[in-house]
Amino acid sequence: MSGTQLTVTLSGGGADDARAVVRALEGTFGAPDELPADENATVHMATFDGGADAGPAGSTGAGAERLSAPVTVTVQGAPEAVRRASDTLTRAFTTRDDGAASGDQEQERQLLLVP
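Below: a short report on this structure. (Residues numbered from 1 in each chain as written. Predicted model: local features only at pLDDT ≥ 70, side-chain atom pairs only at ≥ 80, totals over all residues. Heavy atoms only, no water.)

1. Topic: the sheet that holds strand β3 (residues 71-77)
For step 1, the next point in the chain: As summarised here, the arrangement of the five strands in space is β2-β1-β3-β5-β4, forming an open sheet in which the pairing is antiparallel. The sheet is open, and its two borders are formed by β2 (43-48) and β4 (94-102), each paired with just one other strand. Strand-to-strand twist of the sheet, defined as the mean angle between neighbouring strand axes without regard to direction, takes the value 20 degrees.
For step 2, the next point in the chain: As judged from the six bridges shared by strand β1 (residues 6-11) and β2, these two strands associate in the antiparallel manner. For S11, the partnering residue across the bridge sits in β2 and is V43.
For step 3, the next point in the chain: Here helix α1 (residues 15-29) sits on the sheet and contacts β1, β2, β3 and β5 (107-114); the angle it forms with β2, its principal contact strand, is near 15 degrees.
For step 4, the next point in the chain: Together, β1, β3, β4 and β5 form the strand contacts of helix α2 (residues 79-92), whose direction differs from that of β3 by roughly 155 degrees. (Pairing = 2+ DSSP bridges. Helix = DSSP H or I, 4+ residues; strand = E, 2+ residues; numbered from the N terminus. Axes fitted to C-alpha atoms, helices over the stretch in contact; angles between N-to-C directions. Contact = heavy atoms within 4.5 Å.)

Okay, structure coming up:
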């Protein structure tokens, strides 16, 4: 996994909530592989490669959107990418940090985003 690649797993809320979270991360990581689309899914995923389109650390996508329900977000990647994602989501939404786990070269953090 490259230093800027980030995997985001979202549960709770609907596809619109998942898309709102992914769009908030676009300003920091560039466009994801694809936006969550399945309206019937209970878990959504997106992967960011952090290519040339990525903005400076801490920048957010277009204005923050409101969530319709609480969303649990798990971000996984290099420690710097996880920190940047956590910072971006904390600025865009009301969050509760539900913990982190560190591996040899990757980190995982879970956040609860509330409307």
